[in-house]
Amino acid sequence: MCIFCIMSDMNPKQDFQNRVNDEFKEIFLRVAEAVESVDNQLACEIKWGRLTYGLSGDYHHWICGIAQTKKSINLIFHFGGLLDDKNKYFIVGDSFFLRKLVYSSINNVDIDVINNFLKQAINKVDYFKANWKTLSKNSK
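What this report covers is the structure whose coordinates are included nearby. None of these values were measured; they are calculated from a predicted model.

1. Details of the environment of Leu98
Okay, so step 1: Looking at where Leu98 falls in the secondary structure, it is placed in the loop between β5 (91-92) and β6 (99-103).
Okay, so step 2: On a C-alpha basis, the gap between Leu98 and Gly81 in space is 6.1 Å, while along the polypeptide they are 17 residues apart.
Okay, so step 3: With near-sequence residues (within four places) excluded, Leu98 lies in contact with Trp62, Ile76, Phe77 and His78.

2. A word on the pairing of strand β2 (residues 50-55)
Okay, so step 1: Judged by how many residues are buried, β2 sits mostly within the fold: six of six residues are covered.
Okay, so step 2: Side chains Arg50, Thr52 and Gly54 of β2 all project onto a buried face; the interleaved residues Leu51, Tyr53 and Leu55 project onto the opposite face, where all are buried too.
Okay, so step 3: Bridging between strand β1 (residues 42-47) and β2 involves six bridges; their strand directions are antiparallel. Across the sheet, the residue bridging to Lys47 is Arg50, located in β2.

3. Brief notes about the nonpolar core
Okay, so step 1: The biggest cluster of nonpolar side chains holds 39 residues, and the ones touching the most others in it are Ile63, Leu75, Phe77 and Ile114.
Okay, so step 2: Taken together, the elements giving at least two residues each to this core come down to α3 (25-38), β1, β2, β3 (64-68), β4 (73-77), β6 and α4 (111-138).
Okay, so step 3: The element best represented in this core is α4, accounting for nine residues.

4. Some thoughts on the sheet that holds β5
Okay, so step 1: Pairing in this open sheet of six strands is antiparallel, and the strands run β1-β2-β3-β4-β6-β5 from one edge to the other. The strands lining the two open edges of the sheet, one partner per strand, are β1 and β5.
Okay, so step 2: Here helix α2 (residues 12-19) sits on the sheet and contacts β1, β2 and β3; the angle it forms with β1, its principal contact strand, is near 45°.

5. A few points about the packing of aromatic side chains
Okay, so step 1: Applying the stated rule across the entire model yields nine aromatic pairs.
Okay, so step 2: Centroid distance Trp48 to Trp62: 6.1 Å. Interplanar angle 35°. Geometry classified as tilted. Here Trp48, found in the loop between β1 and β2, pairs with Trp62, found in the loop between β2 and β3; they are 14 residues apart in sequence, far enough to count as distant.
Okay, so step 3: Their ring planes at 75° and their centres at 4.9 Å tell us that Phe96 and Phe97 sit as a pair that is edge-to-face.
Okay, so step 4: Residue Phe97 is classed as buried on the basis of its relative accessible area, which comes to 10%.
Okay, so step 5: Clustering of aromatic rings is evident, with ring pairs tying together Phe77, Tyr89, Phe90 and Phe117.

Calculation notes
- Residues numbered from 1 in each chain as written.
- Predicted model: local features only at pLDDT ≥ 70, side-chain atom pairs only at ≥ 80, totals over all residues.
- Heavy atoms only, no water.
- Helix = DSSP H or I, 4+ residues; strand = E, 2+ residues; numbered from the N terminus.
- Contact = heavy atoms within 4.5 Å.
- Buried < 20%, exposed > 50% of the residue type's maximum accessible area, 1.4 Å probe, protein only.
- Pairing = 2+ DSSP bridges.
- Core = buried A, V, L, I, M, F, W, Y, C linked by side-chain atoms within 4.5 Å.
- Axes fitted to C-alpha atoms, helices over the stretch in contact; angles between N-to-C directions.
- Phe/Tyr/Trp six-rings, centres within 6.5 Å; stacked < 30°, edge-to-face > 60°.

And the structure:
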């Protein structure tokens with residue numbers, strides 16, 4: 001469980017879960033548990049309409065967030081564009097950095113894939129912090 005959820009009377013994960021449609025609750029819980037199992041320094045809060053995880057509460061350089069749409073639960077990586085995705089799991093949008101994994105069925109949730117991307121993101125957070133302005137400028 002994320003450290004913020006343990007240390008606070010408020011429970012952002014529970015609050016977010018209460019907002020998730022019943023058809024997606026099991027998917028949400030599986031994805032959240034996978035995220036929280038990777039690093040005990042991940043803290044969570046509801047930011048930007050999603051359950052957002054940052055290392056030691058650093059939400060400016062957040063690692064990932066879980067969002068619900070009408071059709072799925074999405075796991076969004078803040079700087080997923082910097083992560084190695086040889087098997088093309090990520091859905092690429094308009095942003096240079098953001099990448100997402102989309103789950104509409106519990107059977108599609110692959111814990112190993114989530115763990116791999118999270119470990120990569122945690123390992124690259126310092127690089128991202130130091131270089132995001134240059135990377136963003138060069139992407140245009």
